Amino acid sequence: MSRKLQLNLTELDHTRSTKVTDQYRDTKYLIVGKWGLISDTFSIYSISGEVVATVRQQSLGMTPKFDLYYLDQFVGSSVIHFTMHYTTIFINGINWLVTGNQEKQTYQIVHGRNRIATIKSYSQSDQVIRIMDIDDTNHEPLVLAIASILNHPSLAHASRLKLGVLDKAPVKPKLQGDNVQTIHNK
């Protein structure tokens, strides 16, 4: 079962926490944490308050290393490679490959030939919103952990993103009785 989740990167950068909502604006997760030093973490909490995933920074520099944990079990480490505009992250242990464009903030996560998720960032007013289309709800906490890695300052800090480069937030249908109306996010 697939689901779309969204988080506010600008809020995460400024307050070190943000809620993760689904397409119906129901809160599903909470992300809390910070970057900067070795052993700094981002934790993903379920709506019931338990930690379902954690990403911990293991090294500093231009290509920092991260360890991912799911339900307190180590699942893998990141190996990051990036060029001028493109990023590749391999999560060994679960063999997920994250590829994407840093400038446009669009990413795809695959395992072999199977798509796990796509991650896209949009501008909405003066905010950067990241939308994840995840193919299996069991993968959501780890995809959110990876989305947190993509927010690391060495990869693309939200305050450095050019909002003009990002697409505008997609138009969402609003159900009203039997009619479907389209509203624009402003």
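About the criteria used
Residues numbered from 1 in each chain as written. Predicted model: local features only at pLDDT ≥ 70, side-chain atom pairs only at ≥ 80, totals over all residues. Heavy atoms only, no water. Helix = DSSP H or I, 4+ residues; strand = E, 2+ residues; numbered from the N terminus. Buried < 20%, exposed > 50% of the residue type's maximum accessible area, 1.4 Å probe, protein only. Lys, Arg positive; Asp, Glu negative; His and termini not counted. Salt bridge = Lys/Arg side-chain N within 4 Å of Asp/Glu carboxyl O. Polar contact = N/O pair within 3.5 Å; in protein donor to acceptor, adjacent residues only side chain to side chain. Contact = heavy atoms within 4.5 Å. Patch = residues over 30% accessible without salt bridge, like charges linked within 9 Å, V, L, I, M, F, W, Y side chains within 5 Å. Areas by Shrake-Rupley, 256 points an atom, 1.4 Å probe, with all protein chains shown as cover. Pairing = 2+ DSSP bridges.

What about the side chain of Arg130?
Assignment of secondary structure puts Arg130 in strand S12 (residues 127-134). Within the buried set, Arg130 has no salt-bridge partner at all; the shortest N-O distance to an opposite charge, 8.7 Å, is to Asp13. Only 3.0 Å separates the side chain of Arg130 from the backbone oxygen of Ala147, close enough to count as a polar contact. Beyond its immediate stretch of four places on either side in the chain, Arg130 contacts Leu5, Gln6, Leu7, Leu9, Gln105, Tyr107, Ile119, Lys120, Ser121, Ala147, Leu150 and Asn151.

A short note on the environment of Ser121
Tracing the chain through its elements places Ser121 in strand S11 (residues 114-124). Sequence spacing of Ser121 and Leu9 is 112 residues, and the spatial spacing of their C-alpha atoms is 8.8 Å. Of note is the side chain of Ser121, whose polar atom sits 3.1 Å from the side chain of Arg130.

Describing the pattern of salt bridges
A full pass over the atoms with the stated rule returns five salt bridges. Measuring nitrogen to oxygen at the nearest pair gives 2.6 Å for the salt bridge that ties Arg3 to Glu140. Here Arg3 is found in strand S1 (residues 3-8), whereas its partner Glu140 is found in helix H2 (residues 140-149), with 137 residues between them in sequence. Each member of the pair, Arg3 as well as Glu140, carries the same accessibility label: buried.

A few points about a nonpolar patch on the surface
Residues Val79, Phe90 and Leu97 make up a contiguous nonpolar surface patch of about 220 Å² in total accessible area. Mapped onto the elements, Val79 comes out in strand S7 (residues 73-82).

Focus: the pairing of strand S8 (residues 86-92)
With burial as the criterion, only one face of S8 is covered, namely that bearing Thr87, Ile89 and Ile91; the residues Tyr86, Thr88, Phe90 and Asn92 on the opposite face remain uncovered. Where S7 meets S8, six bridges bridge the pair, whose relative direction is antiparallel. By the bridge assignment for S8, Ser78 is matched with Ile91. As consecutive antiparallel partners, S7 and S8 are separated by three residues. Sheet analysis places S8 next to strand S9 (residues 96-101), joined by six bridges and oriented antiparallel. Among the inter-strand pairings, Thr87 is bridged to a residue of S9, identified as Gly100. Once S8 ends, the chain turns through three residues before running back antiparallel as S9, passing Gly93 with a positive phi of about 100 degrees.

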